[in-house]
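Chain by chain, the residues run as shown.
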2 protein chains.
Amino acid sequence: MNNSSRKLILITNDDSVDAPGIHRLAEIVRSMGDVYVVAPAHPHSGQSAAITTCAPLRISELASQLDGVRFFSVDGTPVDCVKLAMHAILPRRPDAVLSGINHGSNASVNIIYSGTMGAVTEGCLQGIPSVGFSLLHHSIKADFSLSVGFVASIAGAVIEEGLSEGVCLNVNIPARVMPQGIKVCRAARARWTDNYRRYLDPSGVPFYLLEGRFINAEPNAEDTDEYWLARRYVTIVPVVPGASANDSIRALSARFDTID
Amino acid sequence: MNNSSRKLILITNDDSVDAPGIHRLAEIVRSMGDVYVVAPAHPHSGQSAAITTCAPLRISELASQLDGVRFFSVDGTPVDCVKLAMHAILPRRPDAVLSGINHGSNASVNIIYSGTMGAVTEGCLQGIPSVGFSLLHHSIKADFSLSVGFVASIAGAVIEEGLSEGVCLNVNIPARVMPQGIKVCRAARARWTDNYRRYLDPSGVPFYLLEGRFINAEPNAEDTDEYWLARRYVTIVPVVPGASANDSIRALSARFDTID
């Protein structure tokens, strides 16, 4: 197989190029094609699809720790990494954008804040099959070993066969157990409570640190990711980034339109 | 009307508490209820639904420039402003979250990167009727005067009558012309090209600044926001934040599920 027919795989994340999860993902897929890791120089959890519009972005190539995989850092967000990789690093258009493996859940409403999924959104908008992988364990020391087979099978299928135009995948993986299988489902409706812890700085001025609590609005809904994750399944949620709420257009038109 | 039956309106944006657009929005709606402006201390365009998870957030109350409106800044993102306002600033749960008026378009795919709409997303997830307003003019000197009647009528209707649970609105307004009317529609499919300008710093090290170009994939689609904005209409796009792609679940289940 010559170079031009080999698959090109772009890997990024939001935990930074140093996170164990991204190294594990690169290791899992490196036999599937030419792998470029282009990831934030520093952690960017909770950065959603943020982009850097005014600050200069710098690229650094790092010493590779995996044969056949090149590693780059960008001092920006996960979306910056995808955009700048395509513009200035990759030798050609990638066949897949993979993001993760995130240290922590991006199931349910977490997809909205997730930098891991921000990068996936960007890959999808660029027309590239894109998948985010997240393990339900926040620790930097999380054990990814039981997730390997599932990540390999999902990534392999997407790299080889692609995805429908405009659809990307949010994959979440139970931690500390061997998953029972894979379930495609929808995101559970949920929210984080608006909790902050209040502190006083040495001058007596208050400041706040976020400490929300996750509330699943539909814990018994059998078609949701939280339901299946609780039952030890790997979940796949398909997403169309930026989709309008087409079901609402007719009713809102009747209310607001000033044209037929 | 006593205080407890008056509407409570939270206003934020991503251009910062100093931007003319947010002052104009506060001015337009201040007769509709008690208005709190809680906005980023510094510009946060392109911040999407980013949240600050580790850094301390500080709140400053500013001298009001509008009778009956209180102004606060938070040294965080637009989503931080909504969350922290609800936790630590507002006297009660708000009846509406309004974001803007943004200096620049958030139509079509821009909704994904928009901090203005990130704040709206957060309001919607908290179950509050939420609307983002954006004028198609980036300048800090943009003229909002022709938008006033449209913003007042849409904001007024949402404050008084609410929105369906889970649905928020992305309102975009043509600049430099009197709009012809209002059209509810869907977001046009589009993307930004991955263009960056390359520079060399004084040490000869390259850095990059984003300069994408907007490509509308369906310029003739009569049900899209870009189509109606080009024809001088104010557009309203309904959005369900974080919605799964339910149409894709069946086909992907056949491909990936390991359970019936």
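The residue numbers shown here count from 1 along each chain, following its written sequence. Each chain gets a letter, beginning with A, and each ligand a number, beginning with 1, in the order they are written. Local features in this predicted model are restricted to residues whose pLDDT is 70 or higher, and side-chain atom pairs enter the listing and the counts only when it is 80 or higher, whereas totals over whole chains, interfaces and linings include all residues. The basis for every side-chain value is the complete set of heavy atoms in the structure, and neither hydrogens nor water enter the calculation.

Draft legend 1. Representation of the sheet that holds strand S2 (residues 34-40) of chain B within the structure. Residue and element names in this part refer to chain B. Strand pairing is assigned whenever DSSP detects at least two bridges linking the two strands. Here a helix means four or more residues in a row that DSSP labels H or I, a strand means two or more in a row labelled E, and each is numbered from the N terminus. Taken together, nine strands build an open sheet; the order of strands is S3-S4-S2-S1-S5-S6-S7-S13-S8 and the sheet is mixed. Each having just a single partner strand, strand S3 (59-62) and strand S8 (181-184) make up the two edges of the open sheet. On average, each strand axis in the sheet is tilted by 20 degrees relative to the strand beside it, whichever way the strands run. Relative to strand S13 (residues 233-239), S8 runs parallel, the two being bridged by four bridges. Paired with Gly 181 across the strands is Tyr 233, a residue of S13. The contact criterion used is simple: two residues touch if any of their non-hydrogen atoms lie within 4.5 Å. Axis definition: a line fit to C-alpha positions, over the contact stretch in the case of helices; interaxial angles, taken between N-to-C directions, run 0 to 180 degrees. Lying on the sheet, helix H2 (residues 78-89) is in contact with strand S1 (8-12), S2, S3, strand S4 (69-74) and strand S5 (96-103); it crosses S2 at an angle near 135 degrees.

Draft legend 2. Summary view of helix H1 (residues 20-29) of chain A. The element H1 of chain A is extensively covered by neighbouring structure, given that seven of its ten residues are classed as buried. Among all positions in H1 of chain A, only Gly 21, Ile 22, His 23, Leu 25, Ala 26, Ile 28 and Val 29 of chain A are buried. Only protein chains enter the accessibility calculation, which uses a 1.4 Å probe. A residue is then buried if its area is under 20% of the maximum for its type, exposed if over 50%, and partly exposed in between.

Draft legend 3. Structural context of the interface of chain A and chain B. The partner chain B presents 78 residues to the 78 residues of chain A that form the contact. Note: buried area is the sum, over both parts, of the accessible area (probe 1.4 Å) each one loses when the two are combined. Taken together, both faces of the contact between chain A and chain B bury some 6,400 Å²; the carbon and sulfur share is 60%. Summed over the three residues of chain A that lose the most area to chain B, namely Asp 194, Tyr 196 and Phe 256 of chain A, the buried surface amounts to 11% of that side. A carboxyl oxygen of Asp or Glu within 4 Å of a side-chain nitrogen of Lys or Arg is what we treat as a salt bridge. The interface formed by chain A and chain B includes six salt bridges. For Arg 58 of chain A, the salt bridge goes to Asp 201 of chain B, with nearest N and O atoms at 4.0 Å.

Draft legend 4. Molecular detail of the relation of the copies chain A and chain B. Between chain A and chain B, which share one sequence, the superposing operator has a rotation angle of 180 degrees and an axial displacement of 0.0 Å; the RMSD is 0.0 Å. The transformation relating the two chain copies, once decomposed into turn and shift, fits a two-fold axis. Of all interface residues in chain A, 100% are interface residues in chain B too; the two copies therefore contact each other through one and the same surface. Fitting of the copies onto one another was done by least squares over C-alpha atoms, counting residues only where both copies have pLDDT of at least 70.

Draft legend 5. A look at the packing of aromatic side chains. All names here are of chain A. Two aromatic rings from Phe, Tyr or Trp, using only the six-membered ring of Trp, form a pair when their centres are within 6.5 Å; if the ring planes differ by under 30 degrees the pair is stacked, by over 60 it is edge-to-face, and anything between is tilted. Tallied over the full model, the rule gives ten aromatic pairs over all chains. Relative to Phe 214, the ring of Trp 192 has its centre 5.6 Å away and its plane inclined at 65 degrees; by these criteria the two rings are edge-to-face. With Trp 192 in strand S9 (residues 190-192) and Phe 214 in strand S12 (residues 214-216), the pair connects residues that are 22 residues apart, well separated along the chain. A ring pair is formed by Tyr 227 and Trp 228, whose centres lie 5.4 Å apart and whose planes are at 70 degrees; its orientation type is edge-to-face. Exposure class is identical for Tyr 227 and Trp 228. Each is buried. Above the face of the Tyr 227 ring, Arg 231 is positioned so that its terminal group lies 3.6 Å from the ring centre. Charge-over-ring contacts are defined here by two conditions on Lys NZ or Arg CZ: a distance within 6 Å of the ring centre and an angle within 35 degrees of the ring normal.

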